[in-house]
Amino acid sequence: MRDLDRLRDIARQLRRDILVMTTEARSGHPGGSLSAVEILTALYFDLMNIDPKDPRWPERDRFVLSKGHAAPVLYAALAERGFFERDALMRLRKIGSMLQGHPDMLKTPGVDASTGSLGQGLSFACGLALGARLAPRSYRVWALVGDGESEEGQIWEAAMFAAHYGLDNLTVFQDWNGLQIDGPCDKVLSPYPLDEKWRAFGWEVAVIDGHDFAQIFQAADAAARTRGRPSVIIAKTVKGKGVSFMENQAGGHGKAASPEQLAVALAEIGGAEKAGGAVGGGRHYGR
Ligand SMILES: Cc1ncc(C[n+]2csc(CCOP(=O)(O)OP(=O)(O)O)c2C)c(N)n1
């Protein structure tokens, strides 16, 4: 039996950490991180077979953050899961820090793929999934792809590849928040309708509310049972979810909250400053 209340508490903590670390860095991408919080919480605190004490365990499930600019949500999940100390979050985007603006698999424990150049991560995930079959190993591969990212042609080449090789150990979440850097995806270069496209490419498709844990688990469990083809879970989300002045705002794509805005945002998110945690850096944001 899954404890969804516990997962909601973790999600709240990840949201707080995303906001605090980006404000501290004075840069980064809170909106596209906040939209994916429930997906990463479900992955790192339930779905994935991982061991924080052994980040390079060969049998571990792999996760590829194909929309690499959402690094803050990945770092928040990894810290909360125990891959590294929470203090590290406060060095996001600092020179020499292991937490760079985009994930670096050579620097950060728990990061399986270096990403940030949109469109490439799904191909990397396909390679990992095919590699599991050839090794053979029983791990699953998970990826998170943006809807704006899906305007990249390479996403669809990877989609074709995964279906051609019947990569049923690959599950993709697509963060359907409707926005990308310059505005609504359907105005910039429409990737819609997403479900019909994936189906046409030979994928098993589910469409869910990406903030609803019950729906995430139902779709992920169904994907794990699917044989002979890869699965995509198209997750309807809200960019900036949880913070009134960040929700559905394309303008804030790569903009951190000011310290004053942060206090308001943390009050809206709720929860408490983490005891003993360095997030807040002794500055006690949001009190
Ligand atoms: C190849 C490449 N082109 C452009 C960019 C700049 N860029 C960063 S984020 C972004 C928008 C991505 O939209 P989406 O995937 O929907 O992300 P989300 O809205 O969920 O944050 C763009 C164009 C990039 N990182 N890589």
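Heads up: these notes are all about the structure in this document. All of these numbers come straight from a predicted model, not from anything done at the bench.

**Re the pattern of salt bridges**
Within this structure, the stated rule accounts for 13 salt bridges. Its salt-bridge partner being Asp112, residue Arg60 comes within 2.9 Å of it at the nearest N-O pair. You can see Arg60 sitting in the loop between helix H3 (37-47) and strand S1 (62-65) and its partner Asp112 sitting in the loop between helix H4 (71-81) and helix H5 (121-134), a full 52 residues away along the chain. Note on accessibility: Arg60 and Asp112 belong to one class, buried. For Glu80, the salt bridge identified is with Arg86, shortest N-O distance 3.3 Å. Among the charged side chains, a network of salt bridges with common partners joins Asp17, Glu80, Arg86 and Lys274.

**Side note on the sheet that holds strand S3 (residues 170-176)**
Read across the sheet, five strands follow the order S1-S2-S3-S7-S6 without closing on themselves; strand pairing throughout is parallel. With partners counted over all chains shown, the strands left at the sheet margins are S1 and strand S6 (204-209), one partner each. This sheet shows a mean twist of 20° between the axes of neighbouring strands, independent of strand direction. Across the sheet, H3 touches S1, strand S2 (141-146), S3 and strand S7 (231-236), and the angle it forms with S2 is around 170°. Contacts from H5 reach S1, S2 and S3, with the element oriented near 170° to S2.

**Looking at the packing of aromatic side chains**
In the structure shown here, the tally under the stated rule is eight aromatic pairs. Between the aromatic rings of Phe161 and Tyr165, the centroid separation amounts to 4.6 Å while the plane-to-plane angle is 45°, which identifies the pairing as tilted. A network of ring pairs unites the aromatic residues Trp156, Trp198, Phe201 and Trp203 as a single cluster. Here the basic side chain of Arg62 rests over the ring of Tyr139, its NZ or CZ set 3.9 Å away from the ring centre. Looking at Lys236, its charged tip hangs above the ring of Trp176, at a distance of 5.0 Å from the centre.

How each quantity is defined
- Residues numbered from 1 in each chain as written.
- Predicted model: local features only at pLDDT ≥ 70, side-chain atom pairs only at ≥ 80, totals over all residues.
- Heavy atoms only, no water.
- Salt bridge = Lys/Arg side-chain N within 4 Å of Asp/Glu carboxyl O.
- Helix = DSSP H or I, 4+ residues; strand = E, 2+ residues; numbered from the N terminus.
- Buried < 20%, exposed > 50% of the residue type's maximum accessible area, 1.4 Å probe, protein only.
- Pairing = 2+ DSSP bridges.
- Axes fitted to C-alpha atoms, helices over the stretch in contact; angles between N-to-C directions.
- Contact = heavy atoms within 4.5 Å.
- Phe/Tyr/Trp six-rings, centres within 6.5 Å; stacked < 30°, edge-to-face > 60°.
- Lys NZ or Arg CZ within 6 Å of the ring centre and 35° of its normal.

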